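# Per-entry structural report
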Number of protein chains: 2
Amino acid sequence: MENHVIKAALLGAGTVGSGVYALAGMLADEICKKTGGSLEIKRVMVRDLKKKRDGIPPEILTDNWEEILNDDEIWLVIEVMGGVEPAKTYITQAVLSGKQVVSANKDLLAEHGQELLSLAEERGVDLQFEAAVAGAIPIIRPLKQSLSASLLTEIMGIVNGTTNYILTKMSEAGMSYEEALEEATKLGYAEADPTADVEGYDAARKIAIMASLAYNSTVVFSDVYTEGITKITAEDVRYAEEFGYAIKLVGIAALEGGQIGVRVHPMLIPEQHPLATVRDSFNAVFVHGEANDDAMFMGRGAGKMPTASAVMGDVIIVMRNILHDNCGWNGGVAYKHIPVKPMEETKSRFFLRLKVADRPGVLANIAGVLGNNDVSIAQVVQKPSRGGVAELVVITGAVLERHFNDALMIVKGMSAVREVSGIIRVYG
Amino acid sequence: MENHVIKAALLGAGTVGSGVYALAGMLADEICKKTGGSLEIKRVMVRDLKKKRDGIPPEILTDNWEEILNDDEIWLVIEVMGGVEPAKTYITQAVLSGKQVVSANKDLLAEHGQELLSLAEERGVDLQFEAAVAGAIPIIRPLKQSLSASLLTEIMGIVNGTTNYILTKMSEAGMSYEEALEEATKLGYAEADPTADVEGYDAARKIAIMASLAYNSTVVFSDVYTEGITKITAEDVRYAEEFGYAIKLVGIAALEGGQIGVRVHPMLIPEQHPLATVRDSFNAVFVHGEANDDAMFMGRGAGKMPTASAVMGDVIIVMRNILHDNCGWNGGVAYKHIPVKPMEETKSRFFLRLKVADRPGVLANIAGVLGNNDVSIAQVVQKPSRGGVAELVVITGAVLERHFNDALMIVKGMSAVREVSGIIRVYG
């Protein structure tokens, strides 16, 4: 090990990649003290060689993966390019050739995490990915280590900053969904195509990764029931607040009767719940275990330097592992086969708003239909009638999703019911 | 390694010890899957052999440390007895004889942590202590690992559940300090002698440990300026709320101008700050770094099973290290020498209440004295006068502690000033 210099390749020089490069420079001295070695980023792989990269010397840029793969001096690959391919091919080849890997790639890990972890374990190679979920919040390693004796039964997270920003603006500034999305886009919180964020796909990837680690069983992106925030209106937010709730987009992975219930959807969270206080683009992960009770982790889920700090935390660990000949004990490989619970078998409470003809007996009829389908009404508020149409805001008791759906179909068909909207699940 | 059984000794069978023993049983299968070995607690050391220990077979009890120390089959010592001695002697001897150590002992680690970590590093032995600070909240390992690239500049924690319970009751149930302490004692949150909790010594130990790890420099218990909550009154709590603050006992360790400011005292925290929402006996640690921005970790700071879950998380890690021949890379040994900042050189904002003669010019005189000592007034409220005495509630701007103390001495000596009380620092 010549002079204890660890040579690395950085795949990707976008926002996170340039942050990693800068932070590696800022931390040079700390890295030596913490690991006994120094880090040299020998190659930075980019798609467009001609694009100027602030702070990165042009002579280390390359667009040729083979050049990195075949360079035996490069022991560590830091992948921050995102997307399933070609990242999957690169990481697989890196692991097969004995290079250690740090990745921030949730798309890849939510679909092929277990496969890659198994391969890394087989080859005695590090595969670390703290930055892939909730950015600068240390949650991946705690799930594998410190919380591994906690008998976890529930994870509930606000793991998408864009949607949390939008919902915060709808609540605090009274904006419509469209106005809040526009502001998020202006500020760079939302991408030009916000689909992955607002439809909950991004959150679904993160909850799949956390579920796998918490319950030691493989959960992938496509296992996650996903519902976004595009249908949430300013009225929903206001009415929820009247009942004492904040609306948040949450990812949930819970052990329920020997199955893993795993889903992403908007939810009414009681104002006293720690997750209800998580504002703006912050992320937070709430966990409950039989042994540890409740815990919550909050922080920046995205952004250049926060994400880079999580990547570099992993790099420091891997460098120490390399220098102490101690790579390959990643943990996190699933050793159980717990089935994923079908969404229709999940129990939820629901908030919904109904526009109904304002005449005697309507509420009783609706309550009857709901009751016949095992849907109890926990709270109901009738809003003042306008032009013969009254608005009912209802919160139900816990009910099987399929029973609720049955009831809803009948309610929607009732002659007195003009509109059913704002159907959102409720915590508890 | 016969059949991959790791034999351990448990020092202490009190609340936490019995929790560890029980949890080791509950987790037997998980431990095998996670580590490839099984755990046998071969000996449990207690002071009183005659006392019945629920769930622990009497034949494994011992009161003889030598029996454990000299047993070469015992590779792992789990110390949950607390207190500096004899724990220090036992842990030192265990490390010297090559046994791995897991400890939950904040008293010991806050005074001799660096010495013990250096010894463990020198001997290639694990010394893990996640449970020593904030119980079930994973904060020790994140400070050493995932947050190690975050360029941390501030740690602020509610790390004593007893005092947080008392302050919560004073706020939410309007209790006096004495009433809230009595209730905490009844519920088992406060010990018969609550001094270590209410005077802030317990919190000071935890902040010393965290400061050492966050800034890679030795900070010990006696470095910490400590002020408890015994002088906080129900009126202070009520007036603080009027200004939009909650009163919390916080431990702070901040990098300030090349020095570490480290202190424990009650503080007015703005209601919007995440720490203000941490209720009852919950603990929380808020960290800020130049790279990671703000993050907060919340959870159970004490209690049988939460603390046991943190201890067993460490045990699982150490077992994996033993079975992979990988002990001794604890991290956390200080490699810097950053001086501790004298308290009088620290800047704070202050809340204080003054009873003054209700006559013209008094407020102007007081403001003049404060101003002459560099103390600016940020907010002031005058309460209705009673019997010729008016109450002023003041929040100052940021001021050096020594300037504030100078000003206070003069104000107290003014003829118009009858009483100065409720002197509490203010966040920001």
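For the structure given in this document, a descriptive report is provided here. (Residues numbered from 1 in each chain as written. Chains lettered and ligands numbered in written order. Predicted model: local features only at pLDDT ≥ 70, side-chain atom pairs only at ≥ 80, totals over all residues. Heavy atoms only, no water.)

## Examining the interface of chain A and chain B
Facing 47 residues of chain A, the contacting portion of chain B comprises 47 residues. Where chain A abuts chain B, roughly 4200 Å² becomes buried across the two surfaces, and 59% of that area is made up of carbon and sulfur atoms. Per-residue buried area on chain A facing chain B is highest for Ser146, Met298 and Tyr335 of chain A; these three make up 14% of the total on that side. On the surface where chain A and chain B come into contact, there are four salt bridges. Connecting chain A to chain B are 15 residue pairs in polar contact (both at pLDDT 80 or more). Of all the elements in the fold, those that place two or more residues in the side of chain A that touches chain B are helix 1 (15-26), helix 2 (28-35), helix 6 (140-144), strand 12 (293-300) and helix 12 (304-323) of chain A. Looking at the side of chain A that touches chain B, its residues break down into 23 nonpolar, 13 polar and 11 charged. (Contact = heavy atoms within 4.5 Å. Buried area = accessible area lost by both parts, 1.4 Å probe. Salt bridge = Lys/Arg side-chain N within 4 Å of Asp/Glu carboxyl O. Polar contact = N/O pair within 3.5 Å; in protein donor to acceptor, adjacent residues only side chain to side chain. Helix = DSSP H or I, 4+ residues; strand = E, 2+ residues; numbered from the N terminus. Nonpolar A, V, L, I, M, F, W, Y, C, P; charged D, E, K, R; others polar.)

## Points about the relation of the copies chain A and chain B
Superposition of chain A onto chain B requires a rotation of 180° combined with a translation of 0.0 Å along the rotation axis, giving an RMSD of 0.0 Å. In short, the pair behaves as if placed about a two-fold rotation axis. Ranked by how close their C-alpha atoms come to the rotation axis, the residues of chain A are headed by Phe297 of chain A, at 2.3 Å. (Least-squares fit on C-alpha atoms with pLDDT ≥ 70 in both.)

## With respect to the packing of aromatic side chains
Tallied over the full model, the rule gives 11 aromatic pairs over all chains. A centroid spacing of 6.1 Å and a plane angle of 80° characterise the contact between Phe297 of chain A and Phe297 of chain B, whose relative ring orientation is edge-to-face. Remark: Phe297 of chain B occurs in strand 12 (residues 293-300) and Phe297 of chain A occurs in strand 12; the pair is interchain, linking two chains. Phe297 of chain B carries the same exposure label as Phe297 of chain A, and that label is buried. One Lys or Arg, Arg300 of chain A, reaches over the ring of Phe282 of chain A and ends 4.0 Å from the middle of that ring. (Phe/Tyr/Trp six-rings, centres within 6.5 Å; stacked < 30°, edge-to-face > 60°. Buried < 20%, exposed > 50% of the residue type's maximum accessible area, 1.4 Å probe, protein only. Lys NZ or Arg CZ within 6 Å of the ring centre and 35° of its normal.)

## Focus: the side chain of Asp236 of chain A
Residue and element names in this part refer to chain A. Checked against the element boundaries, Asp236 lands in helix 11 (residues 234-242). For Asp236, the side chain forms a polar contact with the main-chain nitrogen of Thr233, separated by 3.0 Å. A distance of 2.8 Å separates polar atoms of two side chains, one belonging to Asp236 and the other to Arg353. Excluding anything up to four places from it in sequence, Asp236 contacts Lys231, Ile247, Phe351, Arg353, Gly422 and Ile424.

## Thoughts on the pairing of strand 17 (residues 417-426) of chain B
Residue and element names in this part refer to chain B. With seven of 10 residues buried, strand 17 lies mostly within the body of the structure. Two strands pair when backbone bridges link them, and strand 13 (residues 347-357) and strand 17 are joined in this way by seven bridges, in the antiparallel orientation. Bridging across to strand 17, Arg353 finds its partner in Ser421. (Pairing = 2+ DSSP bridges.)

## Considering the pairing of strand 1 (residues 5-11) of chain A
All names here are of chain A. Counting buried residues in strand 1 gives six out of seven residues, a clear majority hidden from the surface. Taken together, the seven bridges between strand 1 and strand 2 (residues 38-45) define a ladder with parallel strand orientation. When the bridges of strand 2 are listed, Ala9 appears paired with Arg43. Looking at chain direction, strand 1 and strand 4 (residues 74-79) are connected through five bridges and run parallel. Bridge assignment links Ala9 to a residue of strand 4, and that residue is Val77.

## A few points about the side chain of Arg349 of chain A
Residue and element names in this part refer to chain A. Secondary-structure assignment places Arg349 in strand 13 (residues 347-357). For Arg349, which is buried and forms no salt bridge, the nearest opposite charge comes from Glu401, at a distance of 12 Å. Of note is the side chain of Arg349, whose polar atom sits 3.3 Å from the backbone oxygen of Thr396. Among the polar contacts listed, one links the side chain of Arg349 to the backbone oxygen of Tyr427, at a separation of 3.2 Å. Contact partners of Arg349, with chain neighbours within four places excluded, come to Tyr245, Ala378, Ile395, Thr396, Gly397, Ala398, Ile424, Arg425, Val426, Tyr427 and Gly428. (Lys, Arg positive; Asp, Glu negative; His and termini not counted.)

## Regarding the sheet that holds strand 4 (residues 74-79) of chain B
All names here are of chain B. With parallel pairing, the six strands of this open sheet are ordered in space as 3-2-1-4-5-6. Looking at which strands have only one partner, the edges of the open sheet turn out to be strand 3 (61-62) and strand 6 (127-128). Helix 4 (residues 87-96) contacts strand 1 (5-11), strand 2 (38-45), strand 4, strand 5 (100-103) and strand 6 of the sheet and is inclined by roughly 150° relative to strand 5. (Axes fitted to C-alpha atoms, helices over the stretch in contact; angles between N-to-C directions.)

## Things to note about the sheet that holds strand 4 of chain A
Residues and elements named next belong to chain A. The strand order across the open sheet formed by six strands is 3-2-1-4-5-6, and the pairing between neighbours is parallel. The open sheet has two free edges, formed respectively by strand 3 (61-62) and strand 6 (127-128), since each of these has just one partner strand. Pairing geometry for strand 5 (residues 100-103) and strand 6, over two bridges, is parallel. Across the sheet, Val102 pairs through a bridge with Gln128, a residue of strand 6. Sheet contacts for helix 1: strand 1, strand 2 and strand 4; angle to strand 2, the most-contacted strand, approximately 155°.

## What to know about unusual backbone geometry
Residue and element names in this part refer to chain A. Cis geometry is adopted by the peptide bond preceding Pro86, which originates at Glu85 and carries an omega value of 5°. Positionally, Pro86 belongs in the loop between strand 4 and helix 4 (87-96). Despite not being glycine, Ala134 has its phi angle at roughly 60°, a positive value. Residue position: Ala134 is located in the loop between strand 6 and helix 6. Since its relative accessible area comes to 0%, Ala134 is described here as buried.

## Structural notes on the packing of helix 2 of chain A against helix 12 of chain A
Residues and elements named next belong to chain A. Following both chains from N to C, one finds helix 2 and helix 12 inclined at 40°, their axes separated by 9 Å at the closest point. For the element pair helix 2 / helix 12, the angle class is oblique. By crossing handedness, the relation of helix 2 to helix 12 is classed as right-handed. Residues Ile31, Lys34 and Thr35 of helix 2 touch helix 12, and the partners they reach there are Met312, Ile316, Met319, Arg320 and Leu323. For the contact of helix 2 with helix 12, the residue count by class is five nonpolar, one polar and two charged. (Parallel < 35°, antiparallel > 145°, perpendicular 65-115°, else oblique. Left-handed = near helix turned anticlockwise from the far one by under 90°.)

Shape is all these values report; function is a separate question.
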